[in-house]
Structure formats: structure tokens, C-alpha cells
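Structural description and commentary
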Amino acid sequence: MNTIVQIFPYAVAYTIPLLITSLGGLFSERSGVVNIGLEGLMVVGSFFTALVINFLEPTMGANAIWFGLLAAMIGGALFSMLHAIASVSLHANQVISGTAINMIATAVTVFFARNLLGSGNIQIINTLSRFNVPLLSRIPIIGPLFFTNTYATTWFVLAILGAAYFVLYYTPSGLRLRSCGEHPHAADAAGINVQRTRYIGVGLSGTFAGLGGGVMIVTYSGQFNGSVAGLGFLALASLIFGQWKPLGILGATLFFGFATTMANVSQVIPSLAVIPPVLLKTFPYVATLIALIIFSRSSQAPKAVGEPFVKDKR
Amino acid sequence: MKIRIPHQLKLALMAIAFGLLIGALLILFTGYNPFAAYTALFQGGLMSIRRIANTLANSTTLILTGLSVAFAFRTGLFNIGASGQMLIGGMVATVLGLSLDLPKPLLLTVMLVGAAAAGALWGFIPGILKARFNVHEVVATIMMNFVALWTTYYTIQNYFTAEQETQSATLPSGASLQVDWLRQITDRSFLNLGLFLALILVVIIGVIINKSVLGYELKAAGYNRFASEYAGMNVNRNIVLSMVIAGMLAGIAGFTYYAGYSSHLEIGKLPTQGFDGIAVALLGANTPIGVLLSAVFFGLLLNGKGFMQSVTGVPPEIGDIIIGVIIYGSATSVLFDRLLTYFQRGRNKK
């Protein structure tokens, strides 16, 4: 129990960027577009956050963080349009286009970092500070776990998760978005603009993945270096592990967050130090493979995901 | 007589032109001269015997990762796990090279077999998951990348580090693919026996794809899985086999990189050559000869970008941007296709 309380804040800090990125992937894939470029979109978000904060920090101090996150969302959305143009308008192979997004994102951001600041690394001085939620943090057990030492971004991302759940399942736009991923031709026949919906889905994935990269910078990482250490790929795995559902994603990302944090801190915590670190480190990935085997018979993947929508083709 | 350029080659050349054009615009945008930059880039890759040899040394690994991705592609499988397969193959080769004391030819053979077997295992798992349980190979190979990353990390860190903890001990010359006569005739370049290994495998894979029953069945599964099944082919077995061969090729790529080019293994990150292999395969239209040519082109970019930076100050990432844009160009080749037909129609009208 003590161990859990100790690592909880770290695990949550790691989970949140993963969660919001995976949620972005959900919107893209539910609209019918595979987005393997989440990793690259996160890198773009982390770049814009670090860059904007770097410029504004001298005058604005810690307030620059919020402009940095806003820039991450806009930058991610704009960059994701490359993927949208390729996979929606040009009917490209979506996996290949996503791979290109990943390669271009890393190279372009480091390229510009070097040109603008002379180095491929961008440090930020202030990271977001942790705070205790008033009143709620005093509740026994739940208080220390959920409401102590939290980041504002954590609550922001959870709010987005709630909103996303509501929009997807309780509004007409959510229904339309999902229908484009299941039966685009039926959606088209019902008068839904499939192409536009898919552009929006991909755009949201860019917005959220960008935010994910930004949150990573302002919470635990503190610097841009052209990589998000495979978090985007993990977000993709979480999406599939979570069976393309918002709450499933929440569970899957929490699982990754805890497993990874346990592996990271295992050497200093006696109860974990007995397990070889390599087992702890590889555990999330092996578990994902096993989960995929179990779910393979009842996969909830959107039926038309990955298929270009060509209007006249039936 | 009119010379006919194959359609695939036209598309590849257009993708390259597209990549170089976007690269040039970025260079221009950041205030440098694109012509000077590209001149330096190509000089850096081709200026002397030594630089040409280093370009080929850079290409060696890419030929093999490219072949790996291309081979899986032919069966309709997207092998995004070449990086992990390469790393685990390189790890086994390094471990064998550091712990065995054998005559050089024998040791190199043992390392080759070990690397191939490790890569094959890393391909087999996603293959069997795909065939048996219909687990998408993209996700499975990504997971296998991470497992390879951490397995290598702890194996090397615990048993085979040098003074620095971030890399393995340096391979002795008896376990290196570099040989004196090659170094001498190429003015002390990195060129090594790996290139010959890669060329042999290009030929072997070419024969398998184009001349064998297995190759025919693999391609058939790639075109239409259900039709091949109906025709009595064992598609599931072929999927596993295809991933095993792809993994084997990437594993050997790891052997040629760590025992031929770098001589020690860096831990904590995936080798980028696995992802570049995707670009190589796409640009090469998934044919062995195409892979060979595009690997040499990418090897040139990789080798020349450092020289370009030192001469003109353009950041070396421009090379990676060009590679990325080229893949994007291959993904959107429909556009180029349309452009081509448009121009051809225009010409015919006259």
C-alpha cells in the first residue's frame, strides 16, 4: 500500500500524456483513419510547447506554460493535416503515410530547433508545479491517492476524456463520426460528408497528440530533444488494448503508466527490487501481446478503419 | 528507338525529386543556399574513393533492413519491427563475438547464424500471432521492438559493458567484418565484408521472390489472402515463414552494422536503420534490385549530410527530412501517377 501511494503521482504523470494521445488516436480511428503517426504528432507538440515557452518565459514566467500547450495543440492539428490529405483525399496507404509523419516530425522539429536556437535540445526553466486539491485531498485513502500532488494538466486531460466520452456516445456528431469508421458508404448515403468527418477525426488526433507531447514537456520531462521515447507507439497500443473505447483507453494507459513507473523505480523500492528489472520493463509489452491474443476473437476495431473511402466504389 | 523507363522507376524518381525539392525549400527558407548545400551533400558522399566506400558501408545495413521490409510487404505484411529484429540480431552477434574465442572465419559464421536466428525469432512471434490469432503485425512488431530494446539494454549493461555504461565493449578485430585488404584499397574506409553478404542476400531473395514456388505463394497471399486459401495454399504457414525470413534479414542487418560499421552496441535506443528500411523498401518498389538502388541512395544521403553541415552549416536533419518526404511522396504516389498520365495525354494530343 505504501509503495502504491509513493509511486502513484509518478504513474499518473506518465499516464496523462499517454491517455490524451491515445484519445486522439481514438478519434482518428473511429472516423476510419489509422494513425500510426501519433509518435510524430507528439514530437511536434512537444517542440511547439518548448519553443513557445522558451520565447515567452523571460517575460511571462510560469504563465508561458499555457501558451505553450495551446501552441502544441494548434501545431499538432496543423501537422496532422499532412496525414489527412494523404489518407483521406489521396487514398494513400495510411500506415505508410503515418510512418512518413513520424520520420518528418522528428527531423523537421530538430532541424528548426537547431536553426532557431542553435541546438537540437530546448530546455524550459519552469515546469508545471504540483498542487493539492483543496478539501478533497483530506479525504482518507482517496485524498492522498487522487488529489495530492496533482498537475492542473491532469484535470484538464480528464475533463477532455469526459467530454470525449459524452460527444462520442451521446451526440449526433459522435454517432456520425463513428459511422464513418464502421460503414462509410452507409454514412455517405445518409448524407454525412465522410471526407470532412475524417479530416476532423485526424485533426483531433493531431490536437490531442500535440497536447500529449506538450504535457510531457511541462510536467516530467522539462526538455525537447526530438523524441518522445516511443510514447506515441504505446498510445497506439493502448488504443487497441483499450478496444477503441474511451474508458478502455483510460484503463490501458493507467496500466502502462503503473507498469512503467514500477519498472523505473524498482531499484529503490525493496519489495520490487527482487524482480529482475528486465522483466518489469518488458512486462507491459508482453502483456499487451497477450491481451491482443485474448481479444483477437472479439476485436472491437472500427470495421472500415484503414480503408480509403472512395465514393463510387461499392 | 525510344528508351522505355519502367513506370515504377518513374514514380521513384518523382518521389526523390519531391523530397529534394521540399528539402531545398526548407534550406532556402532558413537562409542557406540549396545548391551549395546539395553540392556539398553529394560531394560528401562521392568525392573520393574513401567517401564512396563509406557510402556503400552506410548502405549495407539499409540494403538488409530494406530487403526485410520489402519481403514482408510482398506477403501483405507491414514489418515495422525491423529495428527490434536488427537490435536483437546485433546483440546476439555482439555477445557471441565478445565471449567466444575462435578463428575469425569460424567466429564470423557463428555470429552470422546467431544474429539470423535471433532476428528470425523476433519475426516468428508476430508472424504466429498474425496467422493464429489475427493480431495485427504492426502492433505486434512495435511491441517486439520494445522487448528487444530492454532485453538488449539489460543484457549488455549487466554483462558486456565497456567503461561507459551506455555501450557494449568494443568487438575485437577477430570478430569484426572489417578486413585489412578492404581498408587498404578503400583508403581506410568503413567498408567491410557485410556489403558482400548483403549483395549475396539480394540475389537469394530475388530468386526466392521471382523464381520459386514459395515466392509465388507469398506474393499470392499478399494480393489476395482468401483466393490463395481457396487455391489450396497454406496461407497461415506462409505468413509465419514470411515474417521469419524478414526477421532473419533484419537480424543479419544488425550483424553487419554492429560487427562491420560501429564495432560496439549502443543501448537505450532503437537503431534508426530499421525505420529507414521502410523508406528503402517503398522507394525500391519492394523489389530486391530496387531496394539495392534506393539503399545506396539513402546511404549517400546519410554519409553526405555530415559533410554538408561542416561545409555549409545546414543542419544534418535535412537528410532525414528528405527521406521522410520521399516516403510521404511514395504514399501519395497516386498524385504523381495522375500527373504522369496527365502529361502523357497532353503529349499524345500534340
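Below you will find a few notes about this structure. Quantities reported herein were computed from a predicted structural model and do not represent experimental measurements.

**Points about the side chain of arginine 198 of chain A**
Residue and element names in this part refer to chain A. Of note, arginine 198 is situated in helix 9 (residues 194-221). Salt bridges are absent for the buried arginine 198, whose nearest opposite-charge side chain, glutamate 307, sits at 6.8 Å. For arginine 198, the side chain forms a polar contact with the main-chain oxygen of cysteine 180, separated by 3.0 Å. Not counting the four nearest positions on each side in its chain, arginine 198 is found in contact with Ser31, Gly32, Val33, Val88, Cys180, Pro184, Ala304, Glu307, Pro308 and Phe309.

**Some thoughts on the environment of alanine 11 of chain A**
Residues and elements named next belong to chain A. By secondary structure assignment, the location of alanine 11 is in helix 1 (residues 2-30). Here the alpha-carbon distance between alanine 11 and phenylalanine 309, two residues 298 residues apart in the chain, equals 39 Å. Those residues in contact with alanine 11 that sit more than four places away from it in its chain are Gly257, Phe258 and Thr261.

**Re the packing of helix 2 (residues 38-60) of chain A against helix 10 (residues 231-241) of chain A**
Residues and elements named next belong to chain A. Closest axis-to-axis distance for the helix 2/helix 10 pair is 7 Å, and the angle between their directions is 130°. Here helix 2 is positioned oblique relative to helix 10, judged by the angle of their axes. The element helix 2 and its partner helix 10 pack so that their crossing is right-handed. Of the residues in helix 10, those in contact with Leu38, Glu39 and Met42 of helix 2 are Leu231, Gly232, Phe233, Ala235 and Leu236. Class assignment of the residues belonging to the contact of helix 2 with helix 10 gives a composition of six nonpolar, one polar and one charged.

**Looking at the interface of chain B and chain A**
On the side of chain A, 39 residues touch chain B, which itself brings 41 residues to the contact. Interface area for chain B against chain A, summed over the two sides, is near 3,600 Å², with a carbon-plus-sulfur share of 84%. Here chain B and chain A share one salt bridge between them. Glutamate 317 of chain B is the partner of arginine 114 of chain A in a salt bridge, and the nearest nitrogen-oxygen pair spans 2.9 Å. Applying the counting rule to chain B against chain A returns two residue pairs in polar contact (both at pLDDT 80 or more). Residue assignment for the side of chain B that touches chain A shows that the elements contributing at least two residues are helix 1 (7-29), helix 5 (104-133), helix 6 (137-159), helix 12 (273-283), helix 14 (317-331) and helix 15 (333-349) of chain B. If you tally residues by element for the side of chain B that touches chain A, the top one is helix 6 of chain B, at 11 residues. Of the residues assigned to the side of chain B that touches chain A, the class counts are 34 nonpolar, four polar and three charged.

Calculation notes
- Residues numbered from 1 in each chain as written.
- Chains lettered and ligands numbered in written order.
- Predicted model: local features only at pLDDT ≥ 70, side-chain atom pairs only at ≥ 80, totals over all residues.
- Heavy atoms only, no water.
- Helix = DSSP H or I, 4+ residues; strand = E, 2+ residues; numbered from the N terminus.
- Buried < 20%, exposed > 50% of the residue type's maximum accessible area, 1.4 Å probe, protein only.
- Lys, Arg positive; Asp, Glu negative; His and termini not counted.
- Salt bridge = Lys/Arg side-chain N within 4 Å of Asp/Glu carboxyl O.
- Polar contact = N/O pair within 3.5 Å; in protein donor to acceptor, adjacent residues only side chain to side chain.
- Contact = heavy atoms within 4.5 Å.
- Axes fitted to C-alpha atoms, helices over the stretch in contact; angles between N-to-C directions.
- Parallel < 35°, antiparallel > 145°, perpendicular 65-115°, else oblique.
- Left-handed = near helix turned anticlockwise from the far one by under 90°.
- Nonpolar A, V, L, I, M, F, W, Y, C, P; charged D, E, K, R; others polar.
- Buried area = accessible area lost by both parts, 1.4 Å probe.

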